[in-house]
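Fold and geometry: a report
Letter by letter, the chains look like this.
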Amino acid sequence: MNNPSAEQFLNAAKTAMADMSSMAATSLAGFEKLVELNLSVAKSAMAESAEQMQAVMAAKAPQDLSAVAGQVQPLTEKAAAYGRAVAEIVTETGTALSKAAEGKFAEVQSQAAASIEAALKQAPAGSETAVSAFKTAMSAGQSALETAQAQTKQAVETASKGFATATEMAVKASHSASKGK
């Protein structure tokens, strides 16, 4: 066990397992939030359905039924609120996982770059052109990766904003439709 590379490998494996465990815990926490939200919504929906059925059964005149029909708008708002809550949980969990992955990726990338740099210093005489070309290729690859990461973040943000806008438009359309009746 005195071999430095074996110790480095074991330490890296331990760190990787701890990181995977942390990311799994984050994922499970997000899933748990979704389950809790769904149970809460299901309980609430069952109670409201029972109340509405009792109101329909108790209706004695058409006006009583129209009062029950007026409860549809709040249900639309609740559905929109549910959609926002789900989106928030998914976004929050995804952001936490993304940050953890980015941090680990940057760490691994830095270690790899240091190892490559050390190896390139050991390059034989006369290979300066090849070493320079390799460094240029590494730099270009790094730039491409950073650009892809930035574009991915921007796409996620755009999708999130689009979802929020669509939800708000649905709620407004529901309000307009219920006022037109």
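Quick summary incoming for the structure in this document. (Residues numbered from 1 in each chain as written. Predicted model: local features only at pLDDT ≥ 70, side-chain atom pairs only at ≥ 80, totals over all residues. Heavy atoms only, no water.)

A word on the overall build of the protein chain
We count it as follows: Secondary structure elements follow DSSP: runs of H or I no shorter than four residues count as helices, runs of E no shorter than two count as strands, and numbering proceeds from the N terminus. Two residues form a contact once any of their heavy atoms are found within 4.5 Å. All accessible areas in this document rest on Shrake-Rupley with a 1.4 Å probe, and a residue is counted as covered only by the protein chains that are shown.
Each helix and strand in the protein chain was counted, giving four helices and zero strands. Put simply, the protein chain runs from its N terminus to its C terminus through helices and strands in the order α-α-α-α. Once local pairs closer than 6 in sequence are excluded, the contacts in the protein chain between residues at least 24 apart make up 72%. A total accessible area of about 13300 Å² is found for the protein chain, and carbon and sulfur atoms account for 65% of it.

Here we look at the pattern of salt bridges
Under the convention used in this document: Salt bridges are identified by distance alone: a Lys or Arg side-chain nitrogen within 4 Å of an Asp or Glu carboxyl oxygen. Exposure is judged per residue with a 1.4 Å probe applied to protein chains only, and the accessible area is read against the type maximum: over 50% gives exposed, under 20% gives buried, and values in between give partly exposed.
On inspection of all chains with the given rule, the structure shows two salt bridges. Between Lys 33 and Glu 92 there is a salt bridge; the shortest N-O distance is 2.3 Å. Here Glu 92 lies in helix α3 (residues 72–121) and Lys 33 lies in helix α1 (residues 4–58), a separation of 59 residues in the sequence. A residue is classified by how much of its surface remains accessible, and Glu 92, at 39% relative accessible area, is partly exposed.

A short note on the side chain of Ser 127
Selection criterion: Distance and chemistry together define a polar contact, namely a pair of N or O atoms within 3.5 Å, with one atom able to donate a hydrogen and the other to accept it when in protein, and with adjacent residues in sequence counting only for side-chain atoms on both sides.
Mapped onto the elements, Ser 127 comes out in the loop between α3 and α4 (128–180). Among the polar contacts made by the side chain of Ser 127, one reaches the main-chain carbonyl oxygen of Pro 124 at a distance of 2.6 Å.

What to know about the side chain of Thr 93
Note on placement: Thr 93 falls in helix α3. The buried category is assigned to Thr 93, whose relative accessible area is 14%. With residues near it in sequence (within four places) discarded, Thr 93 still touches Thr 26, Ser 27 and Gly 30.

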